[in-house]
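The lines below spell out each chain.
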Amino acid sequence: MVFVLALCNTGDHLTTLIKVKQQLMATTTTAIPEAFQIKEEIHQKTYLVNGELRKWDGDTSPVISTISSTEEYAPTTLGSVPDMGETEALEALDSALAAYDKGQGLWPTMKVKDRVECMESFVKKMEQKREQVVKLLMWEIGKSKPDSYKEFDRTVEYIYDTIEEYKQLDRNNAKFEKHDGVYAHIRRGPLGVVLCLGPYNYPLNETFALLIPAIIMGNTTIFKPAKHGVLLITPLLEAFQSCFPKGVVNILFGRGRTVAAPIMQTGKVDVLALIGNSKSANALQEQHPKSNRLRLVLGLEAKNPAIVLPDAELDLTINECISGTLSFNGQRCTALKVVYVHDEIKDKFLKNFAEKVDGLKFGNPWDDGVSLTPLPEPDKPAYIQELLDDALAKGAKIINKKGGKHFDNYIWPAVLYPVTKDMRVYQEEQFGPIIPVLSFQDIEEPLDDMAESNYGQQVSLFGKDVYTLSPLIDTLANLVCRVNLNSSCQRGPDVYPFTGRKDSAQSTLSVHDALRSFSIRTFVAFKDNNLNVQTVEQLMEAKVSNFLSTDYIL
């Protein structure tokens, strides 16, 4: 399978270009394993609304992979999905509203153990689709085989963990409290209708990190998959349809502006759950006529820095920075998107880091040992080139030899130094394979930059001296929400809080926190007198109220 395109924007001689081309081609396996071959296209003709897998006869959009399945490079058509509009969007909204039924619906009033059984049934059916989903993860977004399996397995584990956390939450609430002569039975209740929009870089895991806790807490949902990573949802449609009451999960296909906007404009959505960029989130919020009533659960941009101190363990630091900047080609909100290196070790760091970047293997997702894979967005290499051109014009240099070399569906990671604040690569979240490096003499320089930044998700801090690290940790904890010591930034483990300051996030996602993000504390209270005590005792004995219950779920 041929990937290299003979493009050169740096004026290299033809002999050098041919040599680099041969080196890069040598890293790519030509044969596609039979298990991962696309033998027939998937044309999705159904969508899920009101508990029905409805047939779609309207317009469709092709799903195209940037990975080639032929010797001569050509994008691969994987299939197609419905291109839906306002009519279908409002049908899905009506379905979700009817299922919630002003809080009287079957799902929001259902016993906790019954909702748990529905979710357990779903995840068991989901596990049966592992190979199909993983195959589509590789083809649709270019995620490596190990990372694709990891994403699926991590999502399954997340669902099981969410079920257990939900049980524990209910156990903790299976009691009455009494203060100042008033009894209270306090639980967490659903918020209503949730519009869920996930990202393309983790189209299964991060999408389900929104969708699963929203569902299990008793909300009804409308879900639209991301632009890339859409077909991989289709093997799970039947599981959603068969495991939950009608209207609880509604799945649409189409463009966000044509599907999500009409739903928001009605003002009938109670929660916007979105992982993506702030422009999309702001545009959707503005569509809602009663924004003060809209709960937001948002995971947005980040510009997570690495700060490398003079005493950093260099080999460990470089390995962690490679992982942080280039895992899944840097297409992660948790990626390291700018690296600050102290002047004392700048030269050695840049030399070793550049060599390490050039030593990475590019290939198809199923190739053994591959680190760099095709970019799912066809226009991403051109965007990265724009950032490169801007930085080079303003004084930066490409430190690594392969930096900026083009493939048909890729551009080799470029290590840029020195980077200044007027460069686009410093200002924008690049979300791709380009690594800006700045040096500093005074630690206040990166600290000031972080304080001025629009983002505040995480930081990676590399060093050993405890007297230097201690005040830095105390300061950084007030600028971001996670300080990674001698480690790259990441989301997991999923039991830890995942959020951000400023424009990076709103609400907290983790197994524990997500259940709270998609619910609200609500309770039944009564004064301590004979009438109320007798009435509540009778309610408990009759076991007719699903809310007023002290049953303990094992």
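The paragraphs below set out a description of the structure included in this document. Predicted model, so just to flag it, every value in this text is computed and none were measured.

Some thoughts on helix H12 (residues 380–393)
Here H12 contains 14 residues, and its C-alpha end-to-end distance of 20 Å stays within 8% of the 20 Å for a straight helix at 1.5 Å per residue. Where H12 is concerned, the buried positions are Lys380, Pro381, Tyr383, Ile384, Gln385, Leu387, Leu388, Asp390 and Ala391. Glycine 395 lies just past H12 and shows a positive phi near 110°.

Section: the packing of helix H5 (residues 145–173) against helix H6 (residues 205–216)
Between H5 and H6, the least distance of the axes is 10 Å, while the angle of their chain directions is 20°. Viewed along their axes, H5 and H6 adopt a mutual orientation that is roughly parallel. Crossing of H5 over H6 shows right-handed handedness. Across the interface between the two elements, Glu151, Arg154, Thr155, Tyr158, Ile159, Thr162, Ile163 and Tyr166 of H5 pack against Asn205, Phe208, Ala209, Ile212, Pro213 and Ile216 of H6. Looking at side-chain class alone, the contact of H5 with H6 contains 9 nonpolar, 3 polar and 2 charged residues.

Let's talk about the sheet that holds strand E16 (residues 414–417)
Hydrogen bonds between backbone groups are what pair the strands of a sheet, and the pairing can be parallel or antiparallel. Read across the open sheet, the 7 strands follow the order E15-E16-E17-E14-E13-E19-E20; overall the sheet is mixed. A strand with exactly one partner marks an edge of an open sheet, and here the two such strands are strand E15 (397–398) and strand E20 (482–485). The sheet contact formed by E16 and strand E17 (residues 434–440) spans 3 bridges and is parallel. Among the inter-strand pairings, leucine 416 is bridged to a residue of E17, identified as proline 436. The strands touched by helix H10 (residues 314–326) are strand E13 (304–308), strand E14 (336–342), E17 and strand E19 (458–462); relative to E14, the strand with the most contacts, the crossing angle is about 155°. Along the sheet face, H12 touches E15, E16 and E17 and points at about 25° away from the line of E16.

A short note on the environment of isoleucine 64
Structurally, the position occupied by isoleucine 64 is in strand E4 (residues 60–68). Take isoleucine 64: its relative accessible area is 43%, and that puts it in the partly exposed class. With 75 residues separating them in the primary sequence, isoleucine 64 and tryptophan 139 have C-alpha atoms 8.9 Å apart. Excluding residues within four positions of it along the chain, isoleucine 64 makes contact with Pro75, Thr76 and Thr77.

Considering the pairing of strand E11 (residues 271–275)
Within E11, 5 of the 5 residues are buried, which leaves the element mostly enclosed by the surrounding structure. Pairing between strand E8 (residues 193–197) and E11: 4 bridges, direction parallel. By the bridge assignment, leucine 197 is partnered in E11 with leucine 274. With 5 bridges joining them, E11 and strand E12 (residues 295–299) adopt parallel strand pairing. Bridging across to E12, leucine 272 finds its partner in leucine 296.

So, how was this worked out
For every chain, the first residue of the written sequence is number 1, and numbering continues from 1 onward in sequence order. In keeping with the model being predicted, local features are shown solely for residues with a pLDDT of at least 70 and side-chain atom pairs are shown and tallied solely at 80 or more, while totals for entire chains, interfaces and linings include all residues. Side-chain metrics rest on all non-hydrogen atoms present in the structure, leaving aside hydrogens and water. A run of H or I in DSSP counts as a helix once it spans at least four residues, and a run of E counts as a strand once it spans at least two, with each numbered from the N terminus. A helix is expected to reach a length of 1.5 Å times the quantity of its residues less one. Categorising residues by exposure relies on relative accessible area from a 1.4 Å probe, with only protein chains included: less than 20% of the type maximum marks a residue as buried, more than 50% marks it as exposed, and the intermediate range marks it as partly exposed. Each axis is a line fitted through C-alpha atoms, taken for helices only over the stretch in contact, and angles between the N-to-C directions span 0 to 180 degrees. If an angle is under 35 degrees, it is roughly parallel; if it is over 145, roughly antiparallel; if it lies from 65 to 115, roughly perpendicular; otherwise it is oblique. It is the rotation of the near helix from the far one that decides the hand of a crossing: anticlockwise by less than a right angle makes it left-handed, clockwise makes it right-handed. Here a residue-residue contact requires only that any non-hydrogen atoms of the pair lie within 4.5 Å. Residue type decides the class: Asp, Glu, Lys and Arg count as charged, Ala, Val, Leu, Ile, Met, Phe, Trp, Tyr, Cys and Pro as nonpolar, and the leftover types, Gly among them, as polar. By the convention used here, strands pair only if DSSP detects at least 2 bridges between them.

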